[in-house]
Amino acid sequence: MKKLMLAAAFAALTATAAFAQGKPVTFAFIGELSGAGAVSSTNFRDGALMAIDEINAKGGILGRKIDLKQYDTQTNPGTARSQMQKAIDEEPYLILGPIFSGIVKVSMALAAQAEIPQIMGGEASDLTQQGNAYLFRTSFGQQMSMPKIANYIRDTVKAKSVAVVWVNNDFGKGGRDNFTKEMNSRGIKIVADISTESGQTDFAADVVKAKSANAEAIFVYTNEEESARFLREVRKQGLNVPLIGETTLLGQKVIDLAGDAANGARGHVGLSADIPVPAVQEFKTKFNARFKYVPDHNGIKGYTGVYAAAYATTKLGKFDSKALAKSLHGLTITPKDEPGILIETTWDEKGDIDRISYIAEVINGKQTITGELPKLGKATQ
Amino acid sequence: MQAVSSGCPAGVHHRAGLRPDPLAGHDALMADFIQLLVAGLATGGIYALVAIGFTLLWQTSQTINFAQGEFVMLPAFFMLVAMNWIGVPFWGAVVIGILISVVVLGAAFKKLLVDPMLRHGVLPLAIATMALALFMKEAVKDFYSAEAQPFPPLAAAINVNIFGAAVALQSLIVVAIAVGAVVALQLFLTRTQTGRRMQATAQNPVVARILGIPVERMILLAFVINAVLAALASALVTPIYLAKFSNGEYLGMAAFIAAIVGGFNQVRGAIVGGLLLGVVDNFAAAYLSAQYRAAIPLVLLIVVILFRPQGLFGRVEERTV
């Protein structure tokens, strides 16, 4: 009888432990699944989904599978805050997204108050400059990428004057301010400063303005859909000036939307599905097979963001949101440590990211990598 | 949080409006002006097509269709389905899009929504069309995609020289098609028996019925024409806007403003209102302020309502098409 009771108690304890271990861990994705940010966020979400399914197929993190809950901000700051609160009420272990800088900006304080790490897609330079210990990038901030673009314009394009076309939101304003600073420091004149609106559909007047400025190059810093419309209008009006941009000009979705008009666009890409890294190419093939479209850099952001959290949690050996945030600061993950990270990546004390980056050009409807730039920490001037 | 800079950062020589290089001559200014004018007329022509729909429906059946913008958004997706799923070439897809629009946005819209709701007054119908607009947007998001979709351009990217200005052939084609459609409609309304019957129906349906005019059929015809114009506008505007569920939001508002500015009870008013709005929008973005361009049409609307409430070409208490 005593043996039987002991066996029953052991069985009950084992079952409880197994249940506790097997209970899914919740990740919350808060993104712009509709509205102006739908292209970027859908890519990010699908990349994250793919990583989660791969991790779950291998047994999850520390034996617990990941359950992804999704919240649509509708690219609306007010909705974003309420969706973030709704997500936090569900007590997730980790928050993924949002992607648009302005949407991140209005909602990130809630995640920080709840002490939940937030791995997001925003690139505005000021996001990580506010002492938020729970916010982490998945790509370069503008303060990292603009010096590289400025060098490219000075050294490769050899332009002495540029027109800047930027989108009037947090992402665009941050980029334009950083770009202007870098141009000034290199003695390159900005001869036209053209602001456009998020979701703008007609760029005829903006292209006429850019044309009349007679700049030697045009720097385009708008979101993906607007970039595609701008490229189409440039082609329509027959403007023949180098069009320089970042990932939001050279991404696959922009190329798909702009068609032939994207050919010739060039610039710096912090992250791209076309970079000549076998792991990234494998990711692209898997993503395309599953979602039936070619991912852009946001797909990689979502994918690597999930793997970074999984790696750091495994290293911690426990699910502790606060400890996860601490452990991500100063962490370097190499593909040898975790193949899902795709490229060696480092997070600094502010949550900014460092990794290699590339120079690219759209040739025959494909983004073609034409050069590689080393990890930062080395001089960018 | 980073403060949004309101002034020009150092090194920025000019922003927003066109501030030409002093070295640029009069010719360059004129070239810019012509390019903006043609681009504005192209956009305005599209607004006019949509605005005419507002006028037609109001004149024949007192219907204010707040889903008019979505009536322009949806045919692009009919065309995309025809191209991408069935493999029909572009112009074939445009024809298919127009035909489906005639059935869905013309006949079905009238029979299933307007007829049952109009009995309860103009206001319930207007609210019902708002609900229809939401339904159409969400349906496109669900059944197609929330993301923008590529849409083929109407013509190759070739420029035509007009008085020294390189004007896009695509813009000229849009203007030509829009003007052609408007002229054809005017000829139909004024030179054919059916058109005159429609006018009679709009002026006085009771007398028209006594005279033996099939009033119901004339009203149905107005809905069908509206659907054709909306589908045509869709084919013209989507290469510029890209196909997206939200395209109707601005288009519907712009066309509504154009119809009021021009005169809600006159087709010619809708045409003038549309063209005026397109040109003013482009000039405002280039010469005044890109940030305030969206406000300019509303300012125009306020000015017209204050000083000429019936619209530039509208007539007081008169209903003709």
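Thresholds, definitions, all that
Residues numbered from 1 in each chain as written. Chains lettered and ligands numbered in written order. Predicted model: local features only at pLDDT ≥ 70, side-chain atom pairs only at ≥ 80, totals over all residues. Helix = DSSP H or I, 4+ residues; strand = E, 2+ residues; numbered from the N terminus. Rg over C-alpha atoms; globule rule 2.2 N^0.38 Å. Buried ≥ 20, exposed ≤ 12 C-beta atoms within 10 Å, placed from the backbone. Contact = placed C-beta atoms within 7 Å. Pairing = 2+ DSSP bridges. pLDDT = per-residue confidence, 0-100. Axes fitted to C-alpha atoms, helices over the stretch in contact; angles between N-to-C directions. Domains from an automatic or database assignment. Nonpolar A, V, L, I, M, F, W, Y, C, P; charged D, E, K, R; others polar. Arc of directions from axis to C-beta. Left-handed = near helix turned anticlockwise from the far one by under 90°. Parallel < 35°, antiparallel > 145°, perpendicular 65-115°, else oblique. Core = buried A, V, L, I, M, F, W, Y, C linked by C-beta atoms within 7 Å.

## Thoughts on the overall build of chain B
Within chain B, the regular secondary structure consists of 11 helices and two strands. Counted from the first residue to the last, chain B has its helices and strands arranged as α-α-α-α-β-β-α-α-α-α-α-α-α. Since a compact globule built from 321 residues should have a radius of gyration of about 20 Å, the 21 Å found for chain B is in line with a globular shape. Here chain B holds 321 residues, and the buried ones make up 48% of them. When contacts within chain B are restricted to residue pairs at least 6 apart in sequence, long-range pairs at least 24 apart make up 74% of them.

## Things to note about the sheet that holds strand E12 (residues 345-347) of chain A
With antiparallel pairing, the three strands of this open sheet are ordered in space as E11-E12-E13 (chain A). Each edge of the open sheet carries a strand with a single partner, namely strand E11 (332-333) and strand E13 (353-354) of chain A.

## Notes on helix H5 (residues 142-157) of chain A
In an α-helix there are 3.6 residues to a turn, and that puts residues three or four apart on one side. Among the residues making up H5(A), those that are buried are A:Gln142, A:Met144, A:Ser145, A:Met146, A:Pro147, A:Lys148, A:Ile149, A:Ala150 and A:Ile153. After H5(A) finishes, the residue A:Lys158 shows a positive phi value of roughly 55°.

## Quick notes on the confidence of the model for chain A
All names here are of chain A. Chain-level statistics for chain A give a pLDDT mean of 90 and a share of 93% at 70 or above. Put simply, helix H1 (residues 2-22) is where chain A has its lowest mean pLDDT, 52, and strand E3 (residues 94-96) is where it has its highest, 98. Within the model, the stretch residues 13-20 combines pLDDT values under 50 with zero contacts to residues more than four positions away or in other chains.

## Here we look at unusual backbone geometry
All names here are of chain A. In this structure, the amide linkage connecting glycine 97 to the following residue, proline 98, adopts the cis form with an omega of -10°. Within the secondary structure layout, proline 98 lies in the loop between E3 and helix H4 (101-113). A positive phi angle, near 55°, is found at threonine 75, a position not held by glycine. Tracing the backbone shows threonine 75 in the loop between strand E2 (66-72) and helix H3 (77-89). Look at threonine 75 and you get buried, because 26 C-beta atoms sit within 10 Å. Positive phi is not limited to glycine here, since lysine 292 has a value of about 65°. Structurally, the position occupied by lysine 292 is in the loop between helix H11 (278-291) and helix H12 (297-316). Taking the C-beta count within 10 Å as the criterion, lysine 292 has 7 such neighbours and is therefore assigned exposed.

## With respect to the sheet that holds strand E9 (residues 243-245) of chain A
All names here are of chain A. An order of E7-E6-E8-E9-E10-E14-E15 is seen for the seven strands of this open sheet, with the pairing classed as mixed. Each having just a single partner strand, strand E7 (189-196) and strand E15 (366-373) make up the two edges of the open sheet. Mean inter-strand twist for the sheet, computed between neighbouring axes without regard to direction, equals 25°. With seven bridges connecting them, strand E14 (residues 357-363) and E15 associate as antiparallel partners. Note on E15: the bridge partner recorded for glutamate 361 is threonine 368. Lying on the sheet, H5 is in contact with strand E6 (161-167), strand E8 (217-221), E9, strand E10 (266-269), E14 and E15; it crosses E10 at an angle near 145°.

## Considering the domain arrangement of chain A
Residues and elements named next belong to chain A. The assigned domain composition of chain A is domain 1 (19-139 + 277-350) and domain 2 (143-269 + 358-373). The C-alpha centroid of domain 2 is placed 28 Å from the C-alpha centroid of domain 1. For the side of domain 1 that touches domain 2, the per-class residue count stands at six nonpolar, five polar and four charged.

## So, the pairing of strand E2 (residues 165-168) of chain B
All names here are of chain B. Of the strand pairs in this sheet, strand E1 (residues 159-162) and E2 are connected by four bridges, and their pairing is antiparallel. Paired with asparagine 161 across the bridge in E2 is alanine 166. Connecting E1 to the next strand, E2, in antiparallel fashion are two residues, including phenylalanine 163 with a positive phi near 45°.

## Some details on helix H6 (residues 193-203) of chain B
All names here are of chain B. All of the buried residues along H6 are Arg197, Met198, Thr201 and Ala202. Axial view of H6: buried residues confined to an arc of 140°, hence all on one face. Close packing links the buried residues of H6 with helix H1 (26-61), helix H5 (169-191), helix H7 (205-210) and helix H8 (215-241).

## Side note on the packing of H1(B) against H5(B)
Residues and elements named next belong to chain B. Between H1 and H5, the shortest axis-to-axis distance is 8 Å and the interhelical angle comes to 35°. At the point where H1 passes H5, the crossing takes the left-handed sense. Across from Val38, Ala39, Leu41, Ala42, Gly45, Ile46, Ala48, Leu49 and Ile52 in H1, the residues of H5 making contact are Ser171, Leu172, Val174, Val175, Ala178, Val179, Ala181, Val182 and Leu185. Its residues assigned to classes, the contact of H1 with H5 shows 16 nonpolar, two polar and no charged.

## Quick notes on the packing of H1(B) against H8(B)
Residue and element names in this part refer to chain B. For the pair H1 and H8, interaxial distance at closest approach is 9 Å and the crossing angle is 165°. With respect to their mutual orientation, H1 and H8 come out roughly antiparallel. Crossing hand, H1 versus H8: left-handed. Every residue of H8 that contacts H1 at Ile46, Leu49, Val50, Ile52, Gly53, Leu56, Leu57, Thr60 and Ser61 is listed here: Met218, Ile219, Ala222, Phe223, Ile225, Asn226, Leu229, Ala230, Leu232, Ala233, Leu236 and Val237. Grouping the amino acids of the contact of H1 with H8 by side-chain chemistry returns 17 nonpolar, four polar and no charged.

## Focus: the nonpolar core
Among the nonpolar cores identified, the biggest contains 217 residues, and A:Val162, A:Ala163, A:Ile218, B:Ala48 and B:Ala258 are the most heavily contacted of them. When residues of this core are assigned to their parent elements, the largest contribution, 19 residues, is made by H8(B). Two domains each provide a minimum of three residues to this core, namely domain 1 (19-139 + 277-350) and domain 2 (143-269 + 358-373) of chain A. In this view, A:Ala163 contacts A:Val191, A:Ala192, A:Ile194, A:Ala210, A:Ala213, A:Ala215 and A:Ile218; residues no more than four positions away in its chain are not counted.

## Side note on the environment of B:Leu118
Residue and element names in this part refer to chain B. Among the structural elements, leucine 118 can be located in helix H3 (residues 90-118). Taking the number of C-beta atoms within 10 Å as the measure of exposure, leucine 118 has 17 and is therefore partly exposed. Sequence separation between leucine 118 and threonine 63 is 55 residues, and the spatial gap between their C-alpha atoms is 7.8 Å. Setting aside chain neighbours within four positions, we find leucine 118 in contact with Ser61, Thr63 and Leu125.

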